[in-house]
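Single-letter residue listing:
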Amino acid sequence: NRFEQNNNLNNNGYYDNKDNYNNYNNQEYFNEQGNYDRAEEFTEDINGNKPVNKGINKKLITKIVFAVNLVAFTACAIYLGNYYYNSNKVKGKQNDLSNLIDQTVTTEEGQEDRYISIRDKYPNLVGRLRFHNYNDIIDLPVMQTKDDPMYYLYRDQDGEDSKWGTPFLDYRCDLKKPTANFMIYAHNMKDLTQFGSLKNYKNKSYWNKYPTIEFESMYEERMEYEVIASFYAQIYPSTKTDVFKYYKFFDALVPEEFDDFVDNIIKIANYKTGVTASFGDQLITLSTCDYSKHVDDGRFVVVAKKSSEKSENSDSLDDFVDVIESTPKPVPTVEPTKEPTKTPKPTKAPTKEPVATKEPEPVAEPTPEPQPTENVPPPEDFVPTEEPGGQEPEPDVQPTEEPGDNRPWWEIYY
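Owing to the predicted nature of the structure, the values given are computational and were not obtained by experimental measurement.

Novice: Help me out: how do you make sense of the nonpolar core in this one?
Specialist: A general tendency of soluble globular proteins is for nonpolar side chains to be buried together. Counting 62 residues, the largest nonpolar core has Phe195, Tyr201, Phe215 and Ile284 as the members making the most contacts within it. Among the elements that line this core, the one with the most residues is strand 6 (residues 223–234), at 8 residues. Among residues more than four places away in sequence, those in contact with Phe195 are Leu129, Phe131, Leu140, Ile184, Tyr185, Ala186, His187, Asn188, Leu286, Ser287 and Thr288.

See below:
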């Protein structure tokens, strides 16, 4: 550590001085390996001027970047947590209302309002909409406020502020004296609530599996609706009159008006379903926002018509699940294994038949015995109609039911 200073040069002829050495010895400028990595930031001339720091404090920048990232991560975590909390809250409220409707719906004669028992709590409830989202059933209440048409756009079924809103029926639609078209609006949510899963109908393969939706109103029990078309559309300015505006059709006074609407939705449909409608049919239109095709005011729409018969599952889908689960039980796969075990028994019977052949006299006696069996053809004719379905076609029936056991119940149902 001894320095012989000669014009700030050491014995080896290299520039050095004690002050500069002390600066180098400061641990702040040494890296983890103990090597000085900021020497270029400290320069000193021959006259011994003090070094000047020309670098940037990297540690300070690292701390700032870390703090910014931490704040951003915390903000995202709070947003996502709040989003999914509210999403589950909306789902829970909708499920509670659906269960309440199932338990309290009124079907008495002379009572028009089927929701009369819960009318005080839900004064604007007018219907209930159900459709598939693959394995799930989307079960939604439908509201209507003619005095304030957009009331439920950002309110839940209880009237509280909600980003999800609640599906609502257009104020120009009438359920008691049904208009030709029931127009229902809802948000296209990313968590697939409300009408978020409605876009599944853009694919024909999905429509092949789930070609129907269900709707019930305060005046009518649950009915099945066949999907006619799904299409992308746009809300046009009122000054533009040379375009098809699906959102303007609510009722038809003449067949030409009805047919024009049906022809247009089939023309712009994503695919052909082969389902059509004629004047007098009841239509339902589900409309939601979608900006994948149109930048401004884009919409995705599904139109369906009411079937001639009510939904077979008008009470509860859970009841139908119980039926499906119970159907495979009467046709166990063990039965065919038992039948071959019975086959060796008839092999012993033919051994008795030759014994009967040895006695020619009793042969005449068994002949009258089969005669009474022949005298009862109706029960025998009725049994074989079931027997061929249970014996010979058993291998055919089982494969049709076995895949049904593997398939989910909603595919069997539809």
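Let's pick the thread back up.
Novice: Can you walk me through the environment of Phe249 in this structure?
Specialist: Within the fold, Phe249 resides in the loop between strand 6 and helix 4 (255–267). Once you skip the residues sitting within four places of it in the chain, Phe249 turns out to touch Ala180, Asn181, Met183, Glu257, Phe258, Phe261 and Leu283.

Novice: Please clarify how the packing of aromatic side chains should be interpreted in this entry.
Specialist: We describe a pair of aromatic rings using the distance from one ring centre to the other and the angle between the two ring planes. Inspection of every chain in the model, using the stated rule, returns 20 aromatic pairs. Note on Phe244 and Phe261: the rings are 6.0 Å apart at their centroids and 50 degrees apart in plane angle, and the pair reads as tilted. Highlighted residues: Phe244 in the loop between strand 6 and helix 4 and Phe261 in helix 4, separated in sequence by 17 residues. Relative to Tyr247, the ring of Tyr246 has its centre 5.4 Å away and its plane inclined at 85 degrees; by these criteria the two rings are edge-to-face. We note that Tyr246, like Tyr247, is buried. Ring pairs connect the aromatic residues Phe244, Phe249, Phe258, Phe261 and Phe279, which therefore count as one cluster. In this structure, Arg155 is placed above the aromatic ring of Tyr151, and the distance from its NZ or CZ to the ring centre is 4.1 Å.

Novice: What is the right way to look at the confidence of the model for the protein in this model?
Specialist: Low pLDDT means the predicted atomic positions in that stretch should not be read closely. Per-chain confidence: the protein averages 75 in pLDDT, with 61% of residues scoring 70 or above. Contacts of residues 1–6 to residues separated by more than four positions or lying in other chains number 7 contacts, the stretch itself having pLDDT below 50. Long-range and interchain partners of residues 407–414, a stretch whose pLDDT sits below 50, account for 24 contacts in this model, where long-range means more than four residues apart.

Novice: Just checking my understanding: could you explain helix 2 (residues 58–104) for this structure?
Specialist: Note on helix geometry: an α-helix contains 3.6 residues per turn, so any two residues three or four positions apart are oriented the same way. Here helix 2 contains 47 residues, and its C-alpha end-to-end distance of 69 Å stays within 8% of the 69 Å for a straight helix at 1.5 Å per residue. The set of residues buried in helix 2 consists of Tyr83, Ser87, Val90, Lys93, Gln94, Leu97, Ser98 and Ile101. Buried residues in helix 2 make contact with strand 1 (125–133), strand 2 (136–143) and strand 5 (212–217). The backbone nitrogen of Lys59 has a side-chain oxygen 3.3 Å away, supplied by the residue at the start of helix 2, namely Asn57.

Novice: What's the story with the side chain of Thr179 in this structure? I'm lost.
Specialist: Here Thr179 shows up in the loop between strand 3 (168–169) and strand 4 (181–185). Aside from chain neighbours lying at most four places away, what touches Thr179 is Arg172, Cys173, Asp174, Phe250, Asp251 and Gln282.

Novice: Hey, could you run me through the environment of Thr104 in this one?
Specialist: By the element assignment, Thr104 lies in helix 2. Taking the C-alpha atoms as reference points, Thr104 and Ser117, separated by 13 residues in sequence, lie 6.3 Å from one another. Leave out the neighbours within four places in its chain, and Thr104 touches Arg114, Ser117 and Ile118. From its side chain, Thr104 meets the backbone oxygen of Leu100 in a polar contact 2.6 Å long.

Rules behind the numbers
Residues numbered from 1 in each chain as written. Predicted model: local features only at pLDDT ≥ 70, side-chain atom pairs only at ≥ 80, totals over all residues. Heavy atoms only, no water. Core = buried A, V, L, I, M, F, W, Y, C linked by side-chain atoms within 4.5 Å. Buried < 20%, exposed > 50% of the residue type's maximum accessible area, 1.4 Å probe, protein only. Helix = DSSP H or I, 4+ residues; strand = E, 2+ residues; numbered from the N terminus. Contact = heavy atoms within 4.5 Å. Phe/Tyr/Trp six-rings, centres within 6.5 Å; stacked < 30°, edge-to-face > 60°. Lys NZ or Arg CZ within 6 Å of the ring centre and 35° of its normal. pLDDT = per-residue confidence, 0-100. Expected span 1.5 Å × (residues − 1). Polar contact = N/O pair within 3.5 Å; in protein donor to acceptor, adjacent residues only side chain to side chain.

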